[in-house]
Amino acid sequence: MRSGGSSACLNHTLRSSIAATVKSAALALKDVTDDRWLIYGAYGYTGELIAREAVDRGLDPILAGRTRGKLDRLAEDLGCDFRAFGLSDEALPQLLDDVAIVLNCAGPFAETYEPMVGACLESGTHYLDITGEIEVFEAIKGYDERAHEADVMLLPGVGFDVVPSDCLAAHLAERLPDAESLALGFKAEGGFSPGTMKTAIDGLGEGGMIRRGGQLESVPAAWKTREIDFGDGPAMATTFPWGDVSTAHHTTGIPDIEFYLAFPPSTIERMKYQRYLAPVLSLGPVKSLLKSLVDRKVDGPDAETRETTDALLWGEVSDGEQTLTSRLRTPNTYRLTTLSALEILQRVLDGDAPVGYQTPASAYGPDLVLSIEGVERTDEPAETPN
Ligand SMILES: NC(=O)c1ccc[n+]([C@@H]2O[C@H](COP(=O)([O-])OP(=O)(O)OC[C@H]3O[C@@H](n4cnc5c(N)ncnc54)[C@H](OP(=O)(O)O)[C@@H]3O)[C@@H](O)[C@H]2O)c1
């Protein structure tokens, strides 16, 4: 008995030690040799732009998504490996075993982040996405502790939403370290992709969102309107529930945050009607109908539009005495998304991936955006009341 017990014990110890050695060898292997990265939603409008640019740069992404037919056409065209799987696949973590980074481009992200973040945590894979959805940023922030335990970075929002505005927020906070309020906004030309429209439809009827006293607060649609000089003269803009209401607080700690989008005054008036139409616009069948219209009618900006249009961002901080303004000019929003996602991806491939939940500027600082081709930043001198 005794000897059987000790041999069982020895076997157990041996098995445990072999298992531990295999696990640490596997982890070491993942750390040292894995420069494989996977783009999920690779054949969507934005996923494909990023995949094509990545291949042009000599990178070798694994293309992934749930619809095999769309995936193998793109994979053949780009000469890449591909993996077809849906997000309810129980083997999701195993499918990422040899993958160092996932770039999730499948949105609306409220429908995709949870299984993908869970699989990344289980398989020790860094997670990036191009969301702009406030509730997704807030939810992923809640995985911070698990990300530290798993030694991975969770960095949602590596596209136009929110790289430039987050870097602008961080820059303004550096200029005025005791700032109490932050307002950000942008004016952009060039139109929208199908996924952006569908994500916006998901938000219909929900009104606006700001941050006050450090807390997120719901406000009516088009709650405040003001004239803003985004860099080419005054334009009307109204509050809009943009991702920075979540992320800029994480990046800067500033307690009061509002985000503005430039629209023609007639559009701002129409946005206010949402307040009365909310019960209808929130209905699932209404949203499904609008999304099916998007599927039939919206292709997204073409190559010429992406090359010839740009975006202007504006930010203002105040500590109650001084007010400071800074601005950015960037390439077209979808071009910027392609460039910023790949800039961040390359940094992670180079081993620069601070663990835990991150925003673009908390991970890489306010000047991250200046490393992207075609981006310029300008600062206005301080304004002090007389
Ligand atoms: N951060 C930014 O600045 C920025 C820029 C561009 C886009 N976006 C966001 O990125 C998302 C995609 O935009 P897009 O225009 O590229 O969209 P799109 O052309 O409609 O493509 C969406 C992609 O996501 C996949 N997908 C959607 N729901 C899925 C689910 N539940 N499970 C698995 N795959 C799913 C689709 O696969 P199937 O075709 O097989 O359904 C498709 O590959 C949107 O949420 C958009 O707002 C953000």
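Just above, that's the structure.
Residues numbered from 1 in each chain as written. Predicted model: local features only at pLDDT ≥ 70, side-chain atom pairs only at ≥ 80, totals over all residues. Heavy atoms only, no water.

Chemist: Just give me the short version of the side chain of Asn-332, but keep the residues and values in it.
Modeler: Along the chain, Asn-332 falls in the loop between strand S14 (323-331) and helix H14 (333-349). One polar contact links the side chain of Asn-332 to the main-chain amide nitrogen of Tyr-334, over a distance of 2.8 Å. In this structure, Asn-332 is in contact with Glu-189, Gly-190, Thr-305, Arg-306, Thr-309 and Asp-310, ignoring residues within four places of it in sequence. (Helix = DSSP H or I, 4+ residues; strand = E, 2+ residues; numbered from the N terminus. Polar contact = N/O pair within 3.5 Å; in protein donor to acceptor, adjacent residues only side chain to side chain. Contact = heavy atoms within 4.5 Å.)

Chemist: Any chance you could break down the packing of helix H2 (residues 45-56) against helix H3 (residues 68-78) for me, citing the residues and the numbers?
Modeler: Between H2 and H3, whose axes approach to 11 Å, the crossing angle comes to 20 degrees. Regarding the angle of H2 to H3, the classification is roughly parallel. Considering the relative orientation of H2 and H3, their crossing is right-handed. For the pair H2 and H3, contact is made by Glu-48, Ala-51, Arg-52 and Val-55 and by Leu-74, Asp-77 and Leu-78, respectively. (Axes fitted to C-alpha atoms, helices over the stretch in contact; angles between N-to-C directions. Parallel < 35°, antiparallel > 145°, perpendicular 65-115°, else oblique. Left-handed = near helix turned anticlockwise from the far one by under 90°.)

Chemist: Any chance you could break down the pairing of strand S10 (residues 225-229) for me, citing the residues and the numbers?
Modeler: Inspection of the sheet shows S10 paired to strand S11 (residues 234-239) by five bridges, in the antiparallel sense. The residue of S11 that forms the bridge with Asp-229 is Pro-234. The turn linking S10 back onto S11 is made up of four residues, and Gly-231 within it adopts a positive phi angle of 130 degrees. (Pairing = 2+ DSSP bridges.)

Chemist: Please provide a residue-by-residue account of the pattern of salt bridges, values included.
Modeler: All chains considered together, the criterion is met by 19 salt bridges. Note that Lys-141 is salt-bridged to Glu-138, the shortest N-O span being 3.3 Å. With a gap of three residues between them, Lys-141 and Glu-138 both fall in helix H6 (residues 134-141), about one helical turn apart. Relative accessible area serves as the criterion here: at 24%, Lys-141 is assigned to the partly exposed category. Note that Arg-226 and Glu-316 form a salt bridge whose closest N and O atoms lie 3.2 Å from each other. Pair noted here: Arg-226 is in strand S10 and Glu-316 is in strand S13 (residues 310-318), with a separation of 90 residues, a long-range link. (Salt bridge = Lys/Arg side-chain N within 4 Å of Asp/Glu carboxyl O. Buried < 20%, exposed > 50% of the residue type's maximum accessible area, 1.4 Å probe, protein only.)

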